[in-house]
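Reading the structure
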Amino acid sequence: MTARGQVLLVEDHLGEVVRLAQALRSRGYGVEVAADLASALQALRRRDWDSVLVGPAVDGGDPVAALRRLCTSTEVPVLLLARAPSHEVLDAATRAGAFMVLGAPVDLHALDLALDRAAEHSALRREVERLEQAVRGASRFDEVLGSSPAMQGLYDVLERAASSDAPVLLTGESGTGKEVVARAMHRRGRRAGGPFVAVNLAAVPDGLLESELFGHARGAFTDARTARRGLFVQASGGTLFLDEVGELSLALQPKLLRALQERAVRPVGSDEEVPFDARIIAATNRDPELMVERGGMRQDLFYRLAVIQVELPPLRSRGGDIQLLAEHFLTRAASRTGKTIRGLSPAAARLLLRYRWPGNVRELENVIERAVALTHNTELGPEDLPARITQGKAEASHGRPAARGAPVAGLVPLAEVEERHIRQVLEAVGGNKAQAARILGLDRKTLYRKLQGYGLEGG
Ligand SMILES: Nc1ncnc2c1ncn2[C@@H]1O[C@H](COP(=O)(O)OP(=O)(O)OP(=O)(O)O)[C@@H](O)[C@H]1O
Ligand SMILES: [Mg+2]
């Protein structure tokens, strides 16, 4: 590459060619000459250029026709050198898509400026193409973005799992994308035309869960004035997503197991089995093997659910994905809010990379959306990021949580202490919100609300 860029000079007149080529080379440009339109088109196909310069003697003295043809076949900026250009020529050239029209014989200083601008334009176009390609190439599995080795390794597994009908158990910390993956698997699978029915087993009270899942007969209980189909049957032809399956009570586990084995459910208050035909995808942010070991989950149920088990990696182990996802969320948030934000400053990108991301992709998404909403900058900088990211150096750089029970340093607002403590407890119990709520003495709803406030949950 020549420092100031590659110029394709399209000119027929030998004297003019020699003069221009020499002048450009001595100014640091790389120059190649095409004597006519056909060879110019060929040169454009052969490699990438920073600019095309069309001389006045091209194509039997009709450079505008040549220019029109060039502009339709390349995105490289095309400049026209015209002898004493009339208004008509200027007009026609502009309409044909000329990047710039210069009078010949050209003032070399003006030509310099024009070629520099063209080179800048080309560099920008390449950068846009590179980003588009990165996003396209990275979104190998539907909307699940990631180009890190950890994610690339997963795409094959996900692709194969999507095309099978076997039950899938998705594990991974909170916010790692289990639900996104479940939806993507549904869209990519054979049942894409059917419904995707999601139920959060932690969010439905135990007393209601059975009839929610399996349905109930008319009169099964006081409020049951009509019979109701359960979610298993509603999901027939599609996918049933059993979210937070690790929270299912031991009382309901045998019933779920039975349904999975029989491929039929028994509505509450009914003696009849109702068959269903749904693909089952379950998810949990707990360690299911550990739960089995400790008696929190039946082993037979675990085996039924985890015919295929997929562990989603935490964001902090996904390296470059942090920036990729940040740029993705930034572009999306910026276009939603109509703001012009070019990207992340290098300092901001470094901070994001260093942070531990206990809330994983969801936390990153919330951080970026908040930053885009509040910023007055055209590039997100450290000042747009929350304090826990800009100040959490010691915690972040070691890749492990701050010492538990360490005294709170300095005089800080109570809310900050509370947030820190909740994060520590949550981390200590491996993201299990139900357990964290119990330890903290909060009800689950209150904990969810607080986590939402910290950008750790929901959204
Ligand atoms: N690979 C990814 N590409 C793009 N967006 C992602 C990706 N992973 C997660 N997200 C986004 O992050 C957020 C959290 O993802 P999701 O709800 O799937 O997490 P989860 O693992 O189900 O978390 P939890 O265990 O807390 O329910 C979503 O808004 C989702 O759009
Ligand atoms: Mg989820």
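Refer to the structure presented above.
Read on for a plain summary of the structure. The numbers attached to residues start from 1 for each chain and follow its sequence in the written order. Lettering for chains starts from A, numbering for ligands starts from 1, and both go in the order in which the items are written. Where totals are concerned, whole chains, interfaces and linings use all residues; where local detail is concerned, this predicted model gives features only for residues with pLDDT of at least 70, and gives and counts side-chain atom pairs only at 80 or more. Hydrogens and waters are ignored; side-chain quantities use all the structure's heavy atoms.

**Comments concerning the sheet that holds strand β2 (residues 30–34)**
- When DSSP locates at least two bridges between a pair of strands, those strands are taken to pair. Under the scheme used here, helices are H or I runs from DSSP no shorter than 4 residues and strands are E runs no shorter than 2 residues, and both carry numbers assigned from the N terminus. Spatially, β2-β1-β3-β4-β5 is the arrangement adopted by the 5 strands of the open sheet, whose pairing is parallel. Here the strands that pair on one side only, and so sit at the sheet edges, are β2 and β5 (100–104). If you compare each strand with its neighbour and ignore which way they point, the axes differ by 25° on average.
- Inspection of the sheet shows strand β4 (residues 78–83) paired to β5 by 5 bridges, in the parallel sense. Within the sheet, the bridge partner assigned to L81 lies in β5 and is L102.
- Whether two residues touch is decided by their heavy atoms; if any such pair falls within 4.5 Å, the residues are in contact. In this analysis an axis means a line fitted to C-alpha atoms, helices contributing only their contacting stretch, and an angle means the value between N-to-C directions, from 0 to 180 degrees. Strands β1 (6–10), β2 and β3 (51–54) of the sheet are contacted by helix α2 (residues 37–46), whose axis makes an angle of about 165° with β1.

**Here we look at the site of ligand 1**
- Throughout, the term near means that a residue has one or more heavy atoms lying within 4 Å of the molecule or strand in question. Around ligand 1, the structure places 20 residues, and the nearest of them are S174, G175, K178, E179 and E365.
- Within the backbone of T176, one N or O atom sits 3.3 Å away from an oxygen atom of ligand 1.
- N or O atoms closer than or at 3.5 Å make up a polar contact, with two conditions inside protein: a donor-capable atom paired with an acceptor-capable one, and, for residues adjacent in sequence, both atoms drawn from side chains. Here an oxygen atom of ligand 1 sits 2.9 Å away from a polar atom, N or O, in the main chain of E179.
- Here ligand 1 has 640 Å² of accessible area as a free molecule, and 87% of this is covered by the chains.
- Residue composition of the shell around ligand 1, by class: 6 nonpolar, 5 polar and 9 charged.
- Start and end points for every domain follow an automatic or database-based domain assignment. When we break the shell around ligand 1 down by domain, the ones giving at least three residues each are domain 2 (149–313) and domain 3 (314–400). The protein chains shown are the only cover counted for residues, whose accessible areas, like all others here, come from Shrake-Rupley with a 1.4 Å probe. Gly falls in the polar group here, along with every residue not listed as nonpolar (Ala, Val, Leu, Ile, Met, Phe, Trp, Tyr, Cys, Pro) or charged (Asp, Glu, Lys, Arg).

**Re helix α15 (residues 346–354)**
- A348, A349, L351 and L352 are the residues of α15 that are buried. For α15, the angular spread of the buried residues around the axis is 160°, confining them to a single face. Residues of α15 that are exposed and point over 90 degrees away from its buried face: P346, R350 and L353.
- Turning to α15, the residues buried within the fold contact α14 (321–337), β15 (343–344), α16 (360–374), β16 (379–380) and α17 (387–390). Categorising residues by exposure relies on relative accessible area from a 1.4 Å probe, with only protein chains included: less than 20% of the type maximum marks a residue as buried, more than 50% marks it as exposed, and the intermediate range marks it as partly exposed. Of all possible arcs, the one meant is that of the directions from the helix axis to the C-beta atoms.

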